[in-house]
Amino acid sequence: MSFLQEGPTGKPAERAGAAGNGPSEDAAKGREESLELMLEGTLAETLLPAEALAGPESGGSGVGPGSDVFGPAGFRRVWMLGVLSLLMAFAAISIDVYLPAMPAMSAALHASVGAVEWTVSAFLIGFSLGQLVWGPVGDRLGRRLPIALGLVFFVLGAISCALAPTIGVLIGGRVIMAFGASSGVVLARAMVRDLHPGPQGARMLSTLIVAMACAPLLGPFVGSAVLNHAGWRAIFWLLAITGVLTFGLLFTLPETHPPEKRRPVTILGALRLYGRLLTQRGVMGFGGTGAFYYGGMFAYVAGVPFAYIGFYHVAPSAFGYLFGLGILGVMATNALNARWVEKVGILPILRAGTAIALLAGALTVLTTATGWGGLWGLVLSLLGFMGITGLIVANSIAGALQNHAQEAGAVSALVGALQYGSGILGSGLTGWFADGTPWPMGCVIGLAGLGSFLCLRLLVRPPLPGPRSG
């Protein structure tokens, strides 16, 4: 049993049931209540207005100003938030840390720019397919065991990349890494849904994204440092070590999907379930909104190293600073979303976010087509597009998961596959049409902003449960 499975009083959660109920029902109820208490009052609360921190007697959320944030219970909350953030950050860790090394990899492996950019697309292929596998498996076996198996795949893939003699072997290793990394991302989202549905789940996802944004913010700096001192292969050895350490941290988390809530899933049953979900307007509307946006995000990830370093001759050591501007924007809008979403509602914030993405995408097309503004014109237009992530990603995921408590793993997997499948297309098109200029990247980003805007307005219709009252 993990030390996080104890309730706030230090007693095991299974003892929380009252007399009169069956032991199994008491255990399930106690475990569920204990887990909710762990996450209630996490670092997310620091992003909320003062009234949300007030106790119930003051009309607040019930966390209360006297919450023992620095006591044992507070430590468990922060620890769980940190480990979930790490699991959700595996995609960002696996991509952003090696971005500064892409030109060096191209030279060392005698591969074209487009071929190296396909290492991003290969990762997204493995990531998309992996989510479709791990989601139903997580609904059947619980959350922790599938994540552990995925981390094993991740470590093996990272080692194969570190030893790769050719670009083809490197691309294959990236697929294996991605297949493994996807387990943590898709099932961490499902763990949030196990505990927090609707707008509250969107708030928690935003909080996790703020925390996990440290990975892409620091990734290029870490990658540049490792590249300069040990070469690009050492970056993948570092990723393998990260996977091993995370494997150990995983078992400090509680299991949020207990046996009594699990459902048997066969391969045929999973395919039928995905087929049914694909026909649901809400799932596809919210999922598609996030998916189109992801296409633009990964066009940015694949194209921006060559746009900044190759086209505008930015030093690799300075690349991290420009890349970090976008990550700061991601953190800022996720923090704002965590404050607003329970008051304003998911749908209004999504509408505002996609409108801004549309405008920023159009500006990116202009700057990459005409060279208007030079380097800083491109930086600012990309900042406008990437910075709005916090208003789109968490809300699109929470909207799709809203009414699917028993199928949270499968819905999370499908939404993730749509997102990263679109990312494959976005990064692949950027690499396919690469011509040494930022124009292919800008064109894909513009189309992604338009697609996200239209998908939300054409497929998602009110009413959607908005802010909670009282």
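Parameters at a glance
- The residue numbers shown here count from 1 along each chain, following its written sequence.
- Reporting in this predicted model follows two pLDDT cut-offs: at least 70 for local features of residues, and 80 or more for side-chain atom pairs to be given and counted; totals over whole chains, interfaces and linings ignore these cut-offs and use all residues.
- Side-chain figures throughout are based on the complete set of non-hydrogen atoms in the structure, without hydrogens or water.
- Helix numbering and strand numbering both begin at the N terminus, where a helix is a DSSP run of H or I of at least 4 residues and a strand a DSSP run of E of at least 2.
- For this analysis, residues touch if any pair of their heavy atoms sits within 4.5 Å.
- Whether a set of points on the 1 Å grid over the protein atoms alone is a cavity depends on a 1.4 Å probe fitting there but being unable to get out, while an open set qualifies as a pocket with protein on both sides within 12 Å along at least five of seven lines; lining residues are those with an atom within 4 Å of a point.
- Grid points are joined across faces, edges and corners, and a volume is the space filled by probe spheres set on the points.
- Gly counts as polar in this scheme, as do all residues outside two lists: the nonpolar Ala, Val, Leu, Ile, Met, Phe, Trp, Tyr, Cys and Pro, and the charged Asp, Glu, Lys and Arg.
- N or O atoms within 3.5 Å of each other form a polar contact, as long as, within protein, one can give a hydrogen and the other can take it, and as long as residues adjacent in sequence are counted only when both atoms are side-chain atoms.
- In this scheme, a residue with accessible area under 20% of its type's maximum is buried, one over 50% is exposed, and one in between is partly exposed, where area comes from a 1.4 Å probe on protein chains only.
- What is meant by a nonpolar core is a set of buried Ala, Val, Leu, Ile, Met, Phe, Trp, Tyr and Cys residues, joined one to another through side-chain atoms within 4.5 Å.
- In predicted models, pLDDT denotes the confidence assigned by the predictor to each residue on a 0 to 100 scale.
- Within this analysis, patches are made of residues with over 30% relative accessible area and no salt bridge. Like charges are joined at 9 Å or less; nonpolar side chains (Val, Leu, Ile, Met, Phe, Trp, Tyr) at 5 Å or less.
- Areas reported as accessible are Shrake-Rupley estimates using a 1.4 Å probe. Residue values count occlusion only from the protein chains shown.
- The term salt bridge refers to a pairing of a side-chain nitrogen on Lys or Arg with a carboxyl oxygen on Asp or Glu at a separation within 4 Å.
- Aromatic rings from Phe, Tyr and Trp, taking only the six-membered ring of Trp, are treated as a pair when their centres fall within 6.5 Å; an angle between ring planes under 30 degrees marks them as stacked, one over 60 as edge-to-face, and anything in between as tilted.
- Here, expected helix span is obtained from the residue count minus one, scaled by 1.5 Å.
- Fitting one axis to the seven residues ending at a residue and another to the seven starting there, the bend at that residue is the angle between the two axes.
- To obtain an axis, a line is fitted to C-alpha atoms, over the contacting stretch when the element is a helix, and the angle between two such axes runs from 0 to 180 degrees between their N-to-C directions.
- Convention used here: angles under 35 degrees read as roughly parallel, angles over 145 as roughly antiparallel, angles from 65 to 115 as roughly perpendicular, and any remaining angle as oblique.
- Helix crossings fall into two classes, left-handed where the near helix is turned counterclockwise from the far one by less than a right angle and right-handed where it is turned clockwise.
- Counting rule applied: Lys, Arg positive; Asp, Glu negative; His and chain ends not counted.

(A) Structural view of the overall build of the chain. A tally of helices and strands in the chain yields 19 helices and zero strands. Long-range pairs, those at least 24 residues apart, make up 83% of the contacts in the chain with a sequence separation of at least 6.

(B) Inspection of the layout of surface pockets at higher detail. Its volume calculated, the second largest pocket comes out at about 290 Å³. Taken together, 13 residues line the second largest pocket, and the ones lying closest to its centre are Leu 132, Val 133, Pro 136, Ile 267 and Ala 270. When residues in the lining of the second largest pocket are grouped by element, the largest group, seven residues, is from helix 6 (residues 113–141). When grouped by side-chain class, the residues that make up the lining of the second largest pocket number eleven nonpolar, one polar and one charged.

(C) View of the side chain of Thr 430. Mapping Thr 430 onto the fold places it in helix 18 (residues 408–432). A polar contact of 2.8 Å, which involves the side chain of Thr 430, links it to the backbone oxygen of Gly 426. When residues no more than four places from it in sequence are discounted, the contact partners of Thr 430 are Glu 117, Ala 299, Gly 303, Pro 440, Met 441 and Val 444.

(D) Quick peek at unusual backbone geometry. Phi is positive for His 110, close to 55°, though the residue is something other than glycine. Exposure remark for His 110: the relative accessible area of 75% places this residue in the exposed category. One non-glycine residue, His 313, adopts positive backbone phi at about 60°. Within the secondary structure, His 313 is located in the loop between helix 13 (281–311) and helix 14 (316–344).

(E) Just the nonpolar core, in detail. Counting residues in hydrophobic clusters, the biggest one holds 116 residues, and the most contacted among them are Tyr 98, Phe 123, Leu 170, Phe 236, Phe 298 and Tyr 308. The dominant element in this core, judged by the number of residues it contributes, is helix 13, at 14 residues. Excluding residues within four positions of it along the chain, Leu 170 makes contact with Met 105, Leu 109, Thr 119, Cys 161, Ala 164, Trp 232 and Phe 236.

(F) Just the confidence of the model for the chain, in detail. Residues at a pLDDT of 70 or more form 78% of the chain, whose mean pLDDT is 78. Throughout residues 1–70 the model reports pLDDT below 50, and contacts reaching past four residues in sequence, or to other chains, amount to 119 contacts.

(G) Molecular detail of a nonpolar patch on the surface. There is a patch of nonpolar side chains on the surface, built from Trp 118, Ile 125, Leu 129, Leu 425, Leu 429, Trp 432 and Phe 433 and spanning about 740 Å² of accessible area. Looking at the nonpolar patch, the elements with two or more residues in it are helix 6 and helix 18. Within the secondary structure layout, Phe 433 lies in the loop between helix 18 and helix 19 (439–459).

(H) Focus on the packing of aromatic side chains. For the structure shown, the criterion picks out 14 aromatic pairs. Each ring, one from Tyr 294 and one from Phe 298, has its centre 5.8 Å from the other, and the planes form 40°; the classification is tilted. Of this pair, Tyr 294 and Phe 298 are both found in helix 13, four residues apart, which corresponds to roughly one turn of the helix. Chaining the aromatic ring pairs together yields one cluster made of Tyr 300, Tyr 308, Phe 319 and Phe 323.

(I) Local environment of helix 6. With 29 residues, helix 6 should reach 42 Å at 1.5 Å per residue; the first-to-last C-alpha distance of 42 Å fits that figure. The largest bend along helix 6 measures about 25° and falls at Thr 119. For helix 6, the N-terminal capping position is held by Ser 112, with its side-chain oxygen 3.1 Å away from the main-chain nitrogen of Ala 115. Downstream of helix 6 by a residue or two, Gly 142 has a phi angle that is positive, lying close to 95°.

(J) Summary view of the environment of Gly 248. Relative to the helices and strands, Gly 248 is located in helix 11 (residues 232–250). With a relative accessible area of 44%, Gly 248 lands in the partly exposed category. Residues Gly 248 and Ala 148, spaced 100 residues apart in sequence, show a C-alpha to C-alpha distance of 9.0 Å.

(K) Fine view of the packing of helix 15 (residues 346–370) against helix 16 (residues 374–386). Close contact between helix 15 and helix 16 brings their axes to 8 Å; oriented N to C, the two are set at 160°. Between helix 15 and helix 16, the angle falls in the class roughly antiparallel. Handedness of the helix 15/helix 16 crossing: left-handed. Counted together, Ile 356, Ala 357, Ala 360, Gly 361, Leu 363, Thr 364, Thr 367 and Thr 368 of helix 15 and Gly 377, Leu 378, Ser 381, Leu 382, Gly 384 and Phe 385 of helix 16 form the full contact between these two elements. Looking at side-chain class alone, the contact of helix 15 with helix 16 contains seven nonpolar, seven polar and no charged residues.

(L) Quick look at the side chain of Arg 174. Take Arg 174: it is sitting in helix 8 (residues 167–195). The side chain of Arg 174 is buried and forms no salt bridge, while Asp 96, the nearest opposite charge, is found at 8.5 Å. Not counting residues within four places of it along the chain, the set of residues in contact with Arg 174 comprises Ser 94, Ile 95, Tyr 98, Thr 119, Phe 123, Cys 161 and Phe 236.

(M) Structural view of the packing of helix 14 against helix 17 (residues 389–401). Contact pair helix 14 / helix 17: the axes reach a minimum separation of 7 Å and the direction vectors enclose 55°. The angle between helix 14 and helix 17 falls in the class oblique. As for how helix 14 packs across helix 17, the hand of that crossing is right-handed. Residues Val 330, Thr 333, Asn 334, Asn 337 and Val 341 of helix 14 form the contact with helix 17, whose own contacting residues are Thr 389, Gly 390, Leu 391, Ala 394 and Asn 395. For the contact of helix 14 with helix 17, the class distribution of residues is four nonpolar, six polar and no charged.

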